[in-house]
Amino acid sequence: MLNETKTGQKIVIIMGIGITTLVVFTFAFYMLADPSISLFDIISIPILLTIILTSSYIIYDRAKNIKKGLPAQDERLKQVGYKAGYYGFIAAIWSAVGSNMGSIIVTDQELRGGLVTAAVVLISGIVFMISFLYFSRKGE
Amino acid sequence: MKTRIKELRARYDLTQEDLAKKINVRRETIVFLEKGKYNPSLKLAHDVAKALKTTIEELFIFDD
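Residues numbered from 1 in each chain as written. Chains lettered and ligands numbered in written order. Predicted model: local features only at pLDDT ≥ 70, side-chain atom pairs only at ≥ 80, totals over all residues.

**Q** Break down the overall build of chain B for me, with residues and values.
**A** The secondary structure content of chain B amounts to five helices and two strands. Along chain B, helices and strands appear, N-terminal first, in the series β-α-α-α-α-α-β. Taken over C-alpha atoms, the radius of gyration comes to 10 Å for chain B, in line with the 11 Å a tight globule of 64 residues would show. By principal-axis analysis of the C-alpha atoms, chain B measures approximately 30 × 20 × 20 Å. Counting the 64 residues in chain B, one finds 23% classified as buried. Taking the intrachain contacts of chain B between residues at least 6 apart in sequence as the baseline, contacts between residues at least 24 apart amount to 54%. (Helix = DSSP H or I, 4+ residues; strand = E, 2+ residues; numbered from the N terminus. Rg over C-alpha atoms; globule rule 2.2 N^0.38 Å. Buried ≥ 20, exposed ≤ 12 C-beta atoms within 10 Å, placed from the backbone. Contact = placed C-beta atoms within 7 Å.)

Structural data, given as structure tokens:
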């Protein structure tokens with residue numbers, strides 16, 4: 001039972017490394033393919049880098065715990081994940097509304113669907129990461 | 001909420017990591033439990049009490 005759990009945790013870590021690597025490669029190819037940088041890129045690149053760095057830290061932290069013979073995730077961290085997920089979900093809803101509204105107010109134009117999706121993914125992602133780190137440092 | 005985890009851990013000469021390994025949680029969870037910053041589930045409270053050879057009532061002190 002314990003070995004199965006540890007194997008599951010190792011699989012999650014390997015998947016996390018795989019997904020982070022794919023995101024980094026996609027980001028690199030995107031930057032190489034389109035040398036012109038728009039305002040959206042300037043805003044989104046730091047957010048994306050923060051998400052990549054934070055997820056790398058979380059993966060490293062979990063791997064370090066497994067190496068020491070401790071679980072990668074326990075009940076406290078699961079609760080932190082649920083709480084951060086809730087905040088990420090709220091951020092996703094409001095960013096879908098807010099990004100378009102903000103664009104109309106600032107540029108008098110609606111955002112393209114792809115940009116709204118990107119804003120939702122980036123904003124909810126960063127809110128999840130920051131909430132996760134904050135609550136895991138706070139205790140619960 | 002106050003706890004006697006630190007006191008009992010010292011009595012049995014256990015480090016935070018030793019106790020964490022015994023009850024299969026992360027070391028930080030023990031840190032937060034000792035500081036009273038985390039309210040554990042009944043199962044975790046039971047596991048900690050069992051590992052420190054005491055009861056939940058003896059281990060966790062609630063301020064009314």
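**Q** Can you break down the overall build of chain A residue by residue, with the values?
**A** Scanning chain A for helices and strands turns up four helices and zero strands. Along the first, second and third principal axes, the C-alpha set of chain A runs to 55 × 35 × 20 Å. Within chain A, buried positions represent 16% of all 140 residues. Within chain A, counting contacts between residues at least 6 apart in sequence, those at least 24 apart form 80% of the total.

**Q** Describe the nonpolar core, and please don't skip the residues or the numbers.
**A** If you look at the biggest cluster of nonpolar residues, it comprises eleven residues: Ile5, Leu19, Ala20, Ile23, Val25, Ile30, Leu33, Tyr38, Val48, Leu52 and Leu59 of chain B. Looking at this core, the elements with two or more residues in it are α2 (16-23) and α3 (27-35) of chain B. Per element, the largest residue contribution to this core is three residues, and it comes from α2 of chain B. The residues touching isoleucine 30 of chain B, leaving out its near neighbours within four places in the chain, are Gln16, Leu19, Ala20 and Val25 of chain B. With six residues, the next largest nonpolar core counts Leu77, Phe128, Met129 and Phe132 of chain A among its residues. (Core = buried A, V, L, I, M, F, W, Y, C linked by C-beta atoms within 7 Å.)

**Q** Kindly report on unusual backbone geometry, identifying the contributing residues and their values.
**A** Even without being a glycine, aspartate 108 of chain A presents a positive backbone phi close to 65°. With respect to the helices and strands, aspartate 108 of chain A occurs in the loop between α3 (75-107) and α4 (113-138). Given 7 C-beta atoms within 10 Å, aspartate 108 of chain A falls into the exposed group. Although it is not a glycine, aspartate 13 of chain B sits at a positive phi angle of roughly 55°. With respect to the helices and strands, aspartate 13 of chain B occurs in the loop between α1 (5-11) and α2. The class of aspartate 13 of chain B is exposed, set by 7 C-beta atoms lying within 10 Å.

**Q** Quick rundown of the domain arrangement of chain A? Include the residues and the values.
**A** All names here are of chain A. When cut into domains, chain A gives domain 1 (1-73) and domain 2 (74-140). Here domain 1 and domain 2 have C-alpha centroids that lie 17 Å from each other. With nine residues of domain 1 at the contact, the number on the domain 2 side is ten residues. (Domains from an automatic or database assignment.)

**Q** Please set out the packing of α2 of chain B against helix α4 (residues 42-51) of chain B residue by residue, giving values where relevant.
**A** Residue and element names in this part refer to chain B. In contact at an axis separation of 10 Å, α2 and α4 are set at 120° when each is read in the N-to-C sense. Viewed along their axes, α2 and α4 adopt a mutual orientation that is oblique. In terms of crossing hand, the pair formed by α2 and α4 is right-handed. For the pair formed by α2 and α4, the contact residues are Leu19, Lys22 and Ile23 on the first element and Asp47, Val48 and Ala51 on the second. (Axes fitted to C-alpha atoms, helices over the stretch in contact; angles between N-to-C directions. Parallel < 35°, antiparallel > 145°, perpendicular 65-115°, else oblique. Left-handed = near helix turned anticlockwise from the far one by under 90°.)

**Q** If you had to explain the interface of chain B and chain A to someone new, which residues and values would you point to?
**A** With 13 residues of chain B at the interface, the matching set in chain A holds ten residues. Sorting the residues of the side of chain B that touches chain A by element identifies α2 and α3 of chain B as the ones contributing at least two each. For the side of chain B that touches chain A, the element with the most residues is α3 of chain B, which contributes three residues. Classifying every residue of the side of chain B that touches chain A by side-chain character gives five nonpolar, four polar and four charged. (Nonpolar A, V, L, I, M, F, W, Y, C, P; charged D, E, K, R; others polar.)

**Q** A description of the environment of glycine 88 of chain A should follow, citing residues and the corresponding values.
**A** Residue and element names in this part refer to chain A. One can find glycine 88 in helix α3. Separated by 33 residues in the primary sequence, glycine 88 and valine 121 place their C-alpha atoms 9.6 Å from one another. Aside from chain neighbours lying at most four places away, what touches glycine 88 is Ser124, Val127, Phe128 and Ser131.

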